[in-house]
Amino acid sequence: MKLWNWNLRTSISIGMMVVSIASVVATPLLGYVPRRTVVSGQVVIAKWVQPMTWRMNPTRTPNITGTPSVESAFRGAFQTWSAVSTATIAFAEGPIAVGTKPGLDHINLITADLTAAEWAAYGVDAISFTNVTTSVTTGEILEADMMFNPAAGFSTEATTPPNVSDLQAVATHEIGHMLGLDHTPLASAIMFPLVVGRSFSRTLTSDDMIGVSTLYPTAAFTARGSIEGTVRSMSNVGVFGAIVVVVGQNGQPFATTVTDPDGRYSITGLPAGTYTLLAEPMDGPFAENDLVAPLLTLYPSKTVNTNFTTRFR
Amino acid sequence: MALVAALLATPAVATTVAKLSLEQLVQRADLIVQGQVQSVYSQWDDERRLVFTYISIHVDEPLKGEPRQTVLIRQIGGRVGAIQMSVAGVPQFNRGERALVFLKRQDATTFQVVGMNQGLYEIVEDSAVANVFGMDLIDKKTGEITKPLVPARAPLEQLKNKIRELLR
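> What is the right way to look at the overall build of chain A in this model?
For chain A, the helix and strand inventory stands at 7 helices and 18 strands. Expressed as a percentage of the 313 residues in chain A, the buried residues total 51%. A sequence separation of at least 24 residues applies to 73% of the contacts in chain A between residues at least 6 apart.

Next up, the structure:
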C-alpha cells in the first residue's frame, strides 16, 4: 500500500486512468527496457546475435585504488551476468589488449587506460560509459566499448572507500549496456542510472535478470509466466509511455516495462506467484531523455502521456 | 565549502549518474543559455573510429558566461549511414526544440552538457521540463525513497530567477 501512496504523490494532474489486465492482447512492441532501434520501419530490439568476445586493457591508472587487481574486477563483473541462470549469455574473454583505445575496430574493449585529453574529447560528463554500435539495418549489436574516466576515483576493494566508486559495480552496470539493456526506472536495479547517496551494488536484482533474460532467454525462462495488458485512460484510450511496475507480495518492485503507443505492455519471466501492478508516469520518476526521447524517436507521430494518476479497479 | 568543492571536483557518475542539484549545475557550467536547436548532425571522427553528434543552438538568452549568438555542442554517438553509436544517458536534441542548457567548455569551439542529461531542460510553452529526477520508488537496499532535488517541471521564469539568484 505504501507504493500506492508514492505513486499518487508522484502524479501531477487530476487526470485519472485505469490499469486493467487483459488476458489476450496482441504482442506488444516494447518489452522490458532494452535498447530499441527502427529497421525498415519496424521497431526491433538491439542485441548480440553471436557470442560476444570481450578484451580488456587492464592497465591500472593512478585513479584506481585497492589491492584486488583491475583484471579481477572486470572479470567479476562479466561473471555476474554469466551467472544469470535464465539467460543464455555467452561471453568469451579474448587476449589482453594493452594500448588499444575505444573505437570501431571489432574489439569489444573494457578500459580505464585513457588520458584526460582522450576522455575530454568524448564530450561525456560521466565517470564511465559504454558506446554501443548497432547496425540500423538489422538491429544487431556490432561492437561495444566500455571506458572509465581517468579523473574519477575508483576502488577494487569489496568495501568501497568514501568518495570513490566501486570499479566492479560500475563495470557490472556498463556490461548491462553492452548486452543491450537501457536504463531502468527501478531504483534498486543495477541498470538504474542515478546514484543518490549510496554505492552501486555488484549484485543483480530480479529486474536486471529479467531484462537480460528477455533478450537472451533460456527455454526455462520462456516457460515462466507473463503478465500482459493495457494501460487505458478513463476514456478507454491506451496510454503511451507509462512505466508499469510489477510488485511482489513482499511489497518490493520486481520488474518494470514501458507501454507501447497503444498502451500495451508485457512482462515475461515471472515465477509463479501473486503480483500487484502499478503504472507510473515518466515525468517525475524517470528521465525524459532516457526513455521519452527514445520512444518518440521510435514513434515520432505519437505523444507520450506523462500526465496522469492511477487507480486500481 | 570543502564539501561543495569536493562535489564539484567529482565528475557526474554518468551511467552511474550522481545527482546534481541546481546549485551544482550552475556552478559546474561555464555557460548557461536558453535557446533553440538549429541543427543536429552526426559524423565520423578523423580516424573513422567514433561517431560524434554536433548540436547547434541559437541563443535567445544567456544566463551565465560570455554572451554569444550560437553555441555548438559536441558529444559522442549518433547515426551515420547504417551505423548507430549510442551511449545511454547522453542528452537527445531535436531540431526546433527550445531548451535551457548547462554547458561546459570542451575545446576552443565546442561545449558539452553538464552531468549528461541532467544539464538539459526542454522548454514546453512556459515550463522548463527537466530530464533526470529522482525516483519515488523504494530503494531495496536502504528502504529509502529517493527524492527529487528540484521539481520535474517548473515555470521557466521561476527556474531562471533561481539560476540568477545562485549566480549572484
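> Help me understand the environment of Phe78 of chain A, please; the structure alone is not making it clear to me.
Residue and element names in this part refer to chain A. Inspection of the secondary structure puts Phe78 in helix α2 (residues 70-82). The sequence separation of Phe78 and Leu104 amounts to 26 residues, and the corresponding C-alpha distance is 21 Å. Each residue touching Phe78, except ones within four places of it in the same chain, is listed here: Trp54, Phe91 and Ile175.

> Even after reading the chapter, I still don't get the sheet that holds strand β15 (residues 253-258) of chain A, so can you show me in this structure?
Hydrogen bonds between backbone groups are what pair the strands of a sheet, and the pairing can be parallel or antiparallel. All names here are of chain A. One open sheet accounts for 3 strands, arranged β15-β14-β17; its pairing is antiparallel. The open sheet terminates on both sides in strands that have one partner only, identified here as β15 and β17 (276-280). When strand polarity is set aside, the average angle formed by the axes of neighbouring strands in this sheet is 25°. Sheet analysis places strand β14 (residues 243-247) next to β15, joined by 5 bridges and oriented antiparallel. Its bridge partner being in β15, Val245 is matched across the sheet by Thr256.

> Please explain the environment of Asp262 of chain A as it appears in this structure.
Residues and elements named next belong to chain A. Considering the arrangement of structural elements, one finds Asp262 in the loop between β15 and β16 (264-270). The partly exposed category is assigned to Asp262, around which 18 C-beta atoms lie within 10 Å. Measuring from C-alpha to C-alpha, the distance between Asp262 and Gly241 comes to 9.3 Å, with 21 residues separating the pair along the chain.

> Looking at this structure, I do not really get the confidence of the model for chain A. What am I missing?
Parts of the model with low pLDDT should not have their predicted coordinates read in detail. All names here are of chain A. With 70% of its residues at a pLDDT of at least 70, chain A reaches an overall mean of 75. Scored below 50 in pLDDT, residues 1-34 shows 95 contacts in the model against residues more than four places distant or in partner chains. Across residues 284-290, where pLDDT falls below 50, the model places 33 contacts with residues more than four positions away in sequence or in other chains.

> Whenever I open this one, the sheet that holds strand β5 (residues 64-65) of chain A confuses me. Can you help?
Residue and element names in this part refer to chain A. With parallel pairing, 3 strands are arranged side by side in an open sheet as β5-β10-β11. In this open sheet, the two edge strands, each paired with only one partner strand, are β5 and β11 (165-166). Looking at chain direction, strand β10 (residues 154-155) and β11 are connected through 2 bridges and run parallel. In the sheet register, Ser155 faces β11, and the bridge partner there is Asp166.

> Sorry, what's going on with the packing of α2 of chain A against helix α4 (residues 167-179) of chain A here?
For any two helices packed against each other, one specifies the inter-axial angle together with the distance between the axes. Residues and elements named next belong to chain A. The geometry of α2 relative to α4 is characterised by a closest axis approach of 8 Å and an angle of 45° between their N-to-C directions. Looking at the two axes, α2 sits oblique to α4. The element α2 and its partner α4 pack so that their crossing is right-handed. Across from Val70, Ala73, Phe74, Gly76, Ala77, Phe78, Thr80 and Trp81 in α2, the residues of α4 making contact are Leu167, Gln168, Ala171, Thr172, Ile175 and Leu179. Of the residues in the contact of α2 with α4, the class split is 10 nonpolar, 4 polar and no charged.

> What's the story with the pairing of strand β6 (residues 83-86) of chain B in this structure? I'm lost.
Sheet faces and side chains relate simply in a regular strand, where the side chains alternate between the two faces. Judged from the 4 bridges that link them, strand β8 (residues 128-135) of chain A and β6 of chain B form a sheet pairing that is antiparallel. Across the sheet, the residue bridging to Thr134 of chain A is Gln84 of chain B, located in β6 of chain B. With antiparallel pairing between neighbouring strands as the criterion, strand β5 (residues 78-80) of chain B and β6 of chain B make up a hairpin whose turn holds 2 residues, including Gly81 of chain B at a positive phi of roughly 60°.

> Explain the nonpolar core here, please?
Nonpolar side chains tend toward joint burial in soluble globular proteins. Counting residues in each nonpolar core, the largest one holds 96 residues, and the members touching the most others are Ala171 of chain A together with Val101 and Leu103 of chain B. Here this core takes 7 residues from α4 of chain A, the largest share from any one element. When we break this core down by domain, the ones giving at least three residues each are domain 1 (2-30 + 225-311) and domain 2 (52-180) of chain A. Residues contacting Leu103 of chain B, with those up to four places away along its chain left out, are Ala29, Asp30, Leu31, Val71, Ile73, Phe111, Gln112, Val113 and Val114 of chain B.

What counts as what
Residues numbered from 1 in each chain as written. Chains lettered and ligands numbered in written order. Predicted model: local features only at pLDDT ≥ 70, side-chain atom pairs only at ≥ 80, totals over all residues. Helix = DSSP H or I, 4+ residues; strand = E, 2+ residues; numbered from the N terminus. Buried ≥ 20, exposed ≤ 12 C-beta atoms within 10 Å, placed from the backbone. Contact = placed C-beta atoms within 7 Å. Pairing = 2+ DSSP bridges. Axes fitted to C-alpha atoms, helices over the stretch in contact; angles between N-to-C directions. pLDDT = per-residue confidence, 0-100. Parallel < 35°, antiparallel > 145°, perpendicular 65-115°, else oblique. Left-handed = near helix turned anticlockwise from the far one by under 90°. Nonpolar A, V, L, I, M, F, W, Y, C, P; charged D, E, K, R; others polar. Core = buried A, V, L, I, M, F, W, Y, C linked by C-beta atoms within 7 Å. Domains from an automatic or database assignment.

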